[in-house]
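This is what each chain is made of:
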Amino acid sequence: MRSLRLVPDDTHFRFMHWRKAAFAFTLLVTLASLASLAFQGLNLGVDYAGGILVEARALTPFDFATVRTQLATLNLGDVVLQSFGGGQDLLIRFQEQPGGPEAQQSALDALKALLGPAFQIRRSEYIGPQVSQELLERGLLAALLAVVLIGIYVWFRFEWQFGLAAVLTTFHDVIATFGLFSVFQLEFNLTILAALLTIAGYSINDTVVVFDRIRENLRPHKRLPLTDLIDRSVNQTLSRTLMTSVTTLLAVLALLLFGGPALRNFSLALVWGLVIGTYSSVFVAAALLLHLPSLRRSEAEGAAASDAIAPQERGYDLP
């Protein structure tokens, strides 16, 4: 029984031939993301901008969509509605209302009146700007530490060139996701930060697979120029990379299409992260190794001897 494959095993794509175009696209995405973050910033949700959190328990069956529609009539701004506890508990968060403490209490009273006797208010909390700022700072610090620790692991697992390339590639994926939310002013909250950490882990997983194959090929192909060796390694892992990405993408697309408003931005971040992470693993991560100190002591000799290598050993149709 043959296993399902999206691409054949013996592909000979010349990925490194397109590395300059890939670097240009990567630089464009990174600069656009940084510029948007600098001038527009992020559209922070209740978790990071401050607001009111209410936990309520339903005493009778209710329709989630109907409650969401009713909450929209209160004009409280961005409202986050989540169901938990077997579907009978609701967590409602809405942004801080202008007008001081009296405005916050008025909004809370209006919410309680809307829910009525069908819901029991179990707790209500006000999240101040200082607490929200601390949450944001700690969340960003966690993302930064995750990327750095990933790079340190790859450094010790392989060589420092691999570690540096992995860190730069993962930073690119994370910054590109920040840029997506900044450019389109999508709400950025705790769930999106969780998506960012997931993207970083997924991206480095694909990158390590490619790096491991490059390291395996360094010994048996000592005379093969590094450019051709990287192409060979990426082609050998391409089937696995695409199969993993596509199957994961199908699951995340289901969340995006059918998960409802509560999961929409989270799913969108994962979809974008999967696409940009797969792209960077194939076109960027390995190509960076060509612009770092050589992984070989005699790379110059290998390049000089490339003319003597038979085309069958290269495995690529070079112009």
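This is a predicted model, so every value here is computed, not measured. Throughout this description, residue numbers start from 1 for each chain and increase along the sequence as written. pLDDT decides what is reported in this predicted model: residues at 70 or higher carry local features, side-chain atom pairs at 80 or more are listed and counted, and totals for whole chains, interfaces and linings draw on all residues regardless. Excluding hydrogens and water, the side-chain values take into account all heavy atoms of the structure.

As a further point, take the packing of aromatic side chains. In this analysis, rings of Phe, Tyr and Trp, with Trp reduced to its six-membered ring, are considered paired at centre separations within 6.5 Å, and the interplanar angle assigns stacked below 30 degrees, edge-to-face beyond 60, and tilted for intermediate values. Summed over the entire model, instances satisfying the criterion amount to seven aromatic pairs. Seen from their ring centres, Phe162 and Phe211 are 4.9 Å apart, and the 65° between their planes marks the pair as edge-to-face. Taken as a pair, Phe162 in helix α6 (residues 160–183) and Phe211 in helix α7 (residues 190–218) lie far apart in primary sequence, 49 residues in all. For the pair Phe162 and Phe211, a shared accessibility class is recorded, and that class is buried. Note on Phe181 and Phe188: the rings are 6.3 Å apart at their centroids and 85° apart in plane angle, and the pair reads as edge-to-face. One exposure class covers both Phe181 and Phe188, and it is buried. Taken together through their ring pairs, the aromatic side chains of Phe13, Phe15, Phe25, Tyr279 and Phe283 make up a single cluster. Here a strand is any run of E in DSSP of at least two residues, a helix any run of H or I of at least four, and the numbering for each starts at the N terminus. Remark: exposure states derive from per-residue accessible area (1.4 Å probe, protein chains only) relative to the maximum for the residue type, with buried under 20%, exposed over 50%, and partly exposed in between.

This brings us to the packing of α7 against helix α8 (residues 226–258). Helix axes are fitted to C-alpha atoms over the stretch in contact, other axes to C-alpha atoms as well, and angles between N-to-C directions run from 0 to 180 degrees. It is the contact of α7 with α8, at a shortest axis distance of 9 Å, that shows an interaxial angle of 145°. Between α7 and α8 lies a crossing of right-handed hand. When residues are sorted by character, Ala, Val, Leu, Ile, Met, Phe, Trp, Tyr, Cys and Pro go into the nonpolar class, Asp, Glu, Lys and Arg into the charged class, and all the rest, Gly among them, into the polar class. Of the residues that constitute the contact of α7 with α8, the class distribution is nine nonpolar, nine polar and four charged. Put simply, a crossing is left-handed when the front helix is turned counterclockwise from the back one by less than a right angle, and right-handed when it is turned clockwise.

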